[in-house]
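Fold and contact review
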Amino acid sequence: MTEETRRGFAGLDTSRPNLARINDYFLGGKDNFAADRKAAEEILAIAPEVRAMARETQAFHVRALRYLVGEGITQFVNIGMGLPSRYNTHQIAQELDPGARTAYVSRDPVVLSHARALLALDARTTVVEGDVLHPAELLADARLRRVIDLDRPLAVVMLGVLQFTPDADDPFKRVAELRDRLPAGGHMVIAHAVLDSRPEAAQPIVDVYKRVLGREEDPSRTREQVLGFFEGLRLIEPGLVYLRQWRPDNPLAAHRPESVWMVGGVGRKEDG
């Protein structure tokens, strides 16, 4: 797809940076534009390791889904998904269990346009407009309900979305509401950037993302604060840890885990 064609895709505004396209740039993708690249390079100038963070988030995604399918979970709701990539939830899950079902959720028109064109290609996969801040509305969506059986265990996957949701939006309450709607045996998978190990970079990075988001609130959190999203769930071992520490395929990969300052965890709901 040419730059000119992509610029006109679905009439989307490409003059302003977009979170999903910035992340696409970090991952070496081609669905990004000059405004996205400029913002991404500002972030990389502050913290070059952000590229590695994007890759480690994908690797954590694969390992978490492998664990969940091994536990018998075959339904996934991916909230705040990014642009389609090599590591899409439904493809990972269906490689492990061909009957796996996935609902992708986003409010981002950029993501929705791409996802509907590229991902919702079979009866076990759908793309829904929604977000974590409106859990009742999301779970009532007819398209989601056609694919996901809310009476059976499922996993809600939120990778890097909550880190852009400030406390003013009451995300802890909304995540708790979503947790309460899960059946027994349901899981939540969360990855979230934390700046505990990079305090000197915190404010400059927050300032860039505040401009991208068009908001003044600081959405950043510490690991201890992120732990609050798992309230009411049993954290699966090894708990909420830096991504490289979460069940690595190779123990050597967990070297200097704090250098990739994203934490991740999987929580299980024990009762209905």
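1. Quick look at the overall build of the protein
Summing up its helical and strand segments, the protein has 11 helices and 8 strands in all. Scaling as 2.2 N^0.38, a compact globule of 272 residues should have a C-alpha radius of gyration of about 19 Å, and the protein matches this with 18 Å. In terms of its C-alpha atoms, the protein occupies a principal-axis envelope of roughly 45 × 40 × 40 Å. The 272 residues of the protein split such that 53% are buried. Across the protein, the fraction of contacts at a sequence separation of at least 24, relative to all contacts at a separation of at least 6, is 71%. When the accessible surface of the protein is summed, it comes to about 12,300 Å², and 50% of that surface belongs to carbon and sulfur atoms. Seen as two clouds, the 36 positive and the 39 negative side-chain charges of the protein have centres 3 Å apart.

2. Details of the packing of aromatic side chains
All told, the structure shown has 4 aromatic pairs when counted by the stated rule. Summarising the aromatic geometry, the rings of Tyr67 and Trp246 are spaced 6.2 Å apart at their centres and angled 85° between planes, so their arrangement reads as edge-to-face. Here Trp246 lies in the loop between strand E7 (241-242) and strand E8 (262-268) and Tyr67 lies in helix H4 (residues 50-70), a separation of 179 residues in the sequence. When sorted by exposure, Tyr67 lands in the same class as Trp246, which is buried.

3. Things to note about unusual backbone geometry
Omega for the peptide link from Glu237 to Pro238 comes to 15°, which places this bond in the cis form. With a phi close to 60°, Asp170 is a non-glycine residue in the positive phi region. Tracing the backbone through its elements, the reader meets Asp170 in the loop between strand E4 (155-159) and helix H9 (171-181). Its identity is not glycine, yet Arg247 carries a phi of approximately 45°, on the positive side. Secondary-structure assignment places Arg247 in the loop between E7 and E8.

4. Regarding the side chain of Arg221
Position of Arg221 relative to the elements: it lies in the loop between helix H10 (199-213) and helix H11 (223-226). Of note is the side chain of Arg221, whose polar atom sits 2.9 Å from the backbone oxygen of Leu162. One polar contact links Arg221 to Asp167, side chain to side chain, over a distance of 2.9 Å.

5. Some points on empty space enclosed by the protein
Tallying each qualifying case throughout the model produces 2 cavities of 30 Å³ or more. Within this model, the second largest cavity holds a volume of roughly 50 Å³. As for the second largest cavity, its lining consists of Val77, Leu139, Leu150, Leu154, Val156, Arg181, Leu182 and Pro183. Split by residue class, the lining of the second largest cavity holds 7 nonpolar, no polar and 1 charged.

6. Some points on the confidence of the model for the protein
When pLDDT is averaged along the protein, the result is 92; 95% of the residues meet or exceed 70. Within the model, the stretch residues 1-8 combines pLDDT values under 50 with 11 contacts to residues more than four positions away or in other chains.

7. With respect to the environment of Glu217
Considering the arrangement of structural elements, one finds Glu217 in the loop between H10 and H11. For the pair Glu217 and Val263, spaced 46 residues apart in the sequence, the C-alpha separation amounts to 21 Å. Residue contacts for Glu217: discarding those within four places in its chain leaves Pro166, Ala168 and Lys210. Engagement of the side chain of Glu217 in a polar contact is seen with the side chain of Arg215, the distance being 3.0 Å.

8. Structural notes on the pairing of E8
In terms of residue burial, E8 counts as a mostly covered element, since 6 of its 7 residues are buried. Where strand E5 (residues 187-193) and E8 come together, 7 bridges link them in antiparallel fashion. Its bridge partner lying in E8, Ile190 is registered against Gly265. Both strand E6 (residues 234-235) and E8 contribute to a ladder of 2 bridges, which runs antiparallel. Note on E8: the bridge partner recorded for Leu235 is Gly267. Note: E7 against E8, 2 bridges, orientation antiparallel. Each residue of the ladder has a partner; that of Tyr242, found in E8, is Val263.

9. Quick word on H4
Here H4 is 21 residues long and its end C-alpha atoms lie 30 Å apart, about the 30 Å a rise of 1.5 Å per residue gives. With 16 of 21 residues buried, H4 is to be regarded as a mostly interior element. Trailing H4 by a residue or two, Gly72 shows a phi angle of about 95°, which is positive.

Calculation criteria
- Residues numbered from 1 in each chain as written.
- Predicted model: local features only at pLDDT ≥ 70, side-chain atom pairs only at ≥ 80, totals over all residues.
- Heavy atoms only, no water.
- Helix = DSSP H or I, 4+ residues; strand = E, 2+ residues; numbered from the N terminus.
- Rg over C-alpha atoms; globule rule 2.2 N^0.38 Å.
- Buried < 20%, exposed > 50% of the residue type's maximum accessible area, 1.4 Å probe, protein only.
- Contact = heavy atoms within 4.5 Å.
- Areas by Shrake-Rupley, 256 points an atom, 1.4 Å probe, with all protein chains shown as cover.
- Lys, Arg positive; Asp, Glu negative; His and termini not counted.
- Charge placed at Lys NZ, Arg CZ, Asp CG, Glu CD.
- Phe/Tyr/Trp six-rings, centres within 6.5 Å; stacked < 30°, edge-to-face > 60°.
- Polar contact = N/O pair within 3.5 Å; in protein donor to acceptor, adjacent residues only side chain to side chain.
- 1 Å grid on protein atoms, 1.4 Å probe; cavity = no way out; pocket = protein on both sides within 12 Å on 5 of 7 lines; lining within 4 Å.
- Points joined across faces, edges and corners; volume = space filled by probe spheres on them.
- Nonpolar A, V, L, I, M, F, W, Y, C, P; charged D, E, K, R; others polar.
- pLDDT = per-residue confidence, 0-100.
- Pairing = 2+ DSSP bridges.
- Expected span 1.5 Å × (residues − 1).

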